[in-house]
Amino acid sequence: MPYLGGALALGGVAVAASRRRELMVRWCAWAVGVPLVTGAFWLGRPGAAAVAGAAGVIASLEFGGLMRLGRTDRVVLAAAVTGVVLAAWLAPGQVLRAAAAGALAVAAVPLLAGDTDYGLHRLGAGLLGLSWLGVLAALVPLGASALALFVAVSIADIVAYFVGRRIGGPRLSPLSPAKRWSGTLAGAAAGLGVLALLSALSWPTAVAVAVGGPVGDLLESMVKRGAQAKDAGRWLPGSGGLLDRIDSLLVALAVLLVLR
């Protein structure tokens, strides 16, 4: 908590010196969100489950909007993701069973509707959303490690953005023309530094931040490009939607789970 408070204070000074309204709005959102999330993790597994569940519902609705899913599809997807999160909290040994039940529920919606025109799209989008967003359940067992991972990938994103714009160089991927290899490498270095500062540096967390973070960003860029949308939402000041803020964290969590 002292490190996070210090980082917010230093960030506030840097943002004020830049006099850029966009950065000021984003910092204000961070100043409200970081204490809330940190306080939830301070409560242990119940708090982490509350954060993961709330994030899962919001991200499911945003993802459903990007994929142009109907209300029923979005509600069932959000319920399936929430079920996986609750299983990680209340019955850790039943997470796979909860995920399988959620997949069946997601698949049942277009099947029972007899949708011959868009059923395959609804099925594929729903299963992608469940496998992508269901990883939020990892916040429950990982606890403080997940919080450190989120801070690291967030700092890496910010550093990658500014360094990539300043230095330029080869593009990272056609999926995101604004991202450069120079920024990605600089962001990875910054993320590893944050992990070391928070005493959370290990080879699994290092790979999760350096590789999983950028891949998660590109994955959401692919989804948004397919949907011809700039952001997943408009309600989060300076970041668009919640999915725009946690895209890197999702794949980083998945990488950490695999390596652990």
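One structure accompanies this document, and this report is about it. Computed from a predicted structure; not experimentally measured. (Residues numbered from 1 in each chain as written. Predicted model: local features only at pLDDT ≥ 70, side-chain atom pairs only at ≥ 80, totals over all residues. Heavy atoms only, no water.)

1. Concerning the packing of helix α10 (residues 203-227) against helix α11 (residues 242-259)
To be explicit about the condition: Lines fitted to C-alpha atoms define the axes, with helix axes restricted to the stretch in contact, and inter-axis angles between N-to-C directions lie between 0 and 180 degrees. Numbering of helices and strands starts at the N terminus; helices are DSSP runs of H or I of at least 4 residues and strands are runs of E of at least 2. By the definition adopted for this analysis, an angle is roughly parallel if under 35 degrees, roughly antiparallel if over 145, roughly perpendicular if from 65 to 115, and oblique otherwise. Take the far helix as your reference; a near helix turned counterclockwise from it by less than a right angle gives a left-handed crossing, and one turned clockwise gives a right-handed crossing. Each residue receives one of three labels: charged for Asp, Glu, Lys and Arg, nonpolar for Ala, Val, Leu, Ile, Met, Phe, Trp, Tyr, Cys and Pro, and polar for the others, Gly being one of them.
Between α10 and α11, the shortest axis-to-axis distance is 6 Å and the interhelical angle comes to 135°. Viewed along their axes, α10 and α11 adopt a mutual orientation that is oblique. Handedness of the crossing formed by α10 with α11: right-handed. In the contact of α10 with α11, the residues fall into twelve nonpolar, five polar and five charged.

2. Considering the environment of serine 202
Secondary-structure assignment places serine 202 in the loop between α9 (181-197) and α10. C-alpha separation for the pair serine 202 and leucine 192, spaced ten residues apart in sequence, amounts to 9.2 Å.

3. Focus on the side chain of serine 60
Put simply, the rule is: Contacts between residues were defined by any pair of non-hydrogen atoms, one from each residue, lying within 4.5 Å.
As for its placement among the helices and strands, serine 60 is situated in helix α3 (residues 45-66). In contact with serine 60, other than residues within four places in its own chain, are Leu77, Ala78, Val81 and Leu133.

4. A word on empty space enclosed by the protein
Our working definition: Grid spacing is 1 Å over the protein atoms alone, the probe is 1.4 Å, and a cavity is where that probe fits but cannot get out, while a pocket is an open set with protein on both sides within 12 Å along at least five of seven lines and lining residues have an atom within 4 Å of a point. Grid points are joined across faces, edges and corners, and a volume is the space filled by probe spheres set on the points.
Tallying each qualifying case throughout the model produces one cavity of 30 Å³ or more. If you add up the space inside the largest cavity, you get close to 50 Å³. Lining the largest cavity are Leu69, Asp73, Val76, Leu77, Val106, Val109, Arg122 and Gly126. Elements with a contribution of two residues or more to the lining of the largest cavity: α4 (71-90), α5 (95-113) and α6 (119-133). The residue makeup of the lining of the largest cavity, split by class, is five nonpolar, one polar and two charged.

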